[in-house]
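# An overview of the molecular structure
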Amino acid sequence: MALKLDSCVAQHIGDRKEQQDRAAVFPHSRHKGMLMAVLADGMGGHSGGAMAAEQVVMKARDNFEAYAPAVETPIDLLRSVVEEAHVVIKLTRFTTEQDPHSTACVLLMHSGRVDWAHCGDSRIYHFRHDKRVAISQDHSLVGELIRQGKLDEEGARTHPQRNLLLHCLGAQKEPMIDYGGATDLADGDSFLICSDGLWAYFSDEEIGGVLSVFSAREAAETLIKRARDRGRPTGDNVSLILIKLIDAEAREKAERERLESARRKLGSMKD
């Protein structure tokens with residue numbers, strides 16, 4: 001089975017004065033079929049958050065380019081990106097008056113599987129068609145309250161401290177890094193990486209419905225438009241990366257079989 005990628009990176013500044021999210025997708029220059037996606041939601045005053053998020057993307061690009069699969073594991077690579085970006089962001093305090101912080105989502109696609117790491121409340125979703133398979137866990141106060149059974153999803157949407165992070169890059173304490181992955185990739189798999197400026201306005205069911213119907217670009221446009229409509233006039237920066245896996249041959253075969261079945265039914269009706 002030969003899977004093809006349909007991908008899109010999309011952003012909107014929202015109702016903020018500055019875009020402090022960063023998002024990027026890049027292939028490896030030497031290892032064919034290897035891809036990295038990274039998204040960071042920066043925080044820290046004027047330009048500080050943007051600078052922090054930019055450091056995450058730069059570190060991801062540099063470490064990915066230097067990645068040596070023969071001596072490093074995917075987890076080694078993902079961990080190095082988050083931990084080293086954290087150190088760089090902390091060091092920027094000595095050269096600026098800012099207090100920069102950032103979330104980080106880093107996804108590696110390689111050898112027929114996907115591995116990811118994240119810190120903060122930006123999210124990584126894995127859908128198969130319209131069903132959610134996996135989701136990263138928010139490192140936030142409301143996320144922890146939900147895990148403890150003290151708050152439900154509806155209450156989290158309106159909680160006065162819903163934006164309070166327990167872990168992020170650039171803080172005094174070392175970042176918590178959670179890992180996930182997916183094997184046995186198949187036609188209809190989608191990986192959505194997004195900032196809270198997007199996911200805060202959607203249920204899993206709605207996201208799955210959009211991803212299963214539209215192309216990557218059309219789905220990105222639909223999700224961002226709905227997030228903006230629901231977020232005005234105080235909407236946050238909105239950022240997403242969407243990677244959809246498509247088995248074009250299988251879909252063409254299924255379509256040919258569908259048309260042939262329809263022709264046979266039509267022929268039997270004439271008889």
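The structure under discussion appears in the preceding block.
A brief report on the enclosed structure follows. Just so you know, these numbers come straight off a predicted model, no measurement behind them.

Rules behind the numbers
- Residues numbered from 1 in each chain as written.
- Predicted model: local features only at pLDDT ≥ 70, side-chain atom pairs only at ≥ 80, totals over all residues.
- Heavy atoms only, no water.
- Helix = DSSP H or I, 4+ residues; strand = E, 2+ residues; numbered from the N terminus.
- Buried < 20%, exposed > 50% of the residue type's maximum accessible area, 1.4 Å probe, protein only.
- Contact = heavy atoms within 4.5 Å.
- Areas by Shrake-Rupley, 256 points an atom, 1.4 Å probe, with all protein chains shown as cover.
- Lys, Arg positive; Asp, Glu negative; His and termini not counted.
- Charge placed at Lys NZ, Arg CZ, Asp CG, Glu CD.
- Expected span 1.5 Å × (residues − 1).
- Core = buried A, V, L, I, M, F, W, Y, C linked by side-chain atoms within 4.5 Å.

### Some remarks on the overall build of the protein chain
Secondary structure assignment for the protein chain yields 8 helices and 11 strands. Classification of the 271 residues of the protein chain by burial places 48% in the buried group. At a minimum sequence separation of 6, the contacts of the protein chain that also span at least 24 residues come to 72%. About 13700 Å² of surface is accessible on the protein chain, with carbon and sulfur atoms providing 52% of the total. Within the protein chain, one finds 36 positive and 42 negative side-chain charges whose respective centroids are separated by 4 Å.

### As for helix H7 (residues 216-231)
Given a rise of 1.5 Å per residue, 16 residues ought to cover 22 Å, and the 22 Å separating the end C-alpha atoms of H7 matches this to within 8%. Every buried residue of H7 is listed here: Ala216, Ala219, Ala220, Thr222, Leu223, Ile224, Ala227, Arg228 and Gly231.

### Overview of the nonpolar core
Counting residues in each nonpolar core, the largest one holds 26 residues, and the members touching the most others are Met36, Val38, Val56 and Leu169. Contributions of two or more residues to this core are made by strand S2 (21-27), strand S3 (35-43), helix H1 (48-65), helix H2 (74-91), strand S5 (104-110) and strand S6 (113-119). The residues touching Met36, leaving out its near neighbours within four places in the chain, are Ala24, Val25, Phe26, Ala60, Phe64, Leu77, Leu78, Val106 and Leu107. Ranked by size, the runner-up nonpolar core spans 22 residues in total, among them Leu198, Val210, Ala227 and Leu240.

Everything listed is a geometric property; what it means functionally is a separate question.
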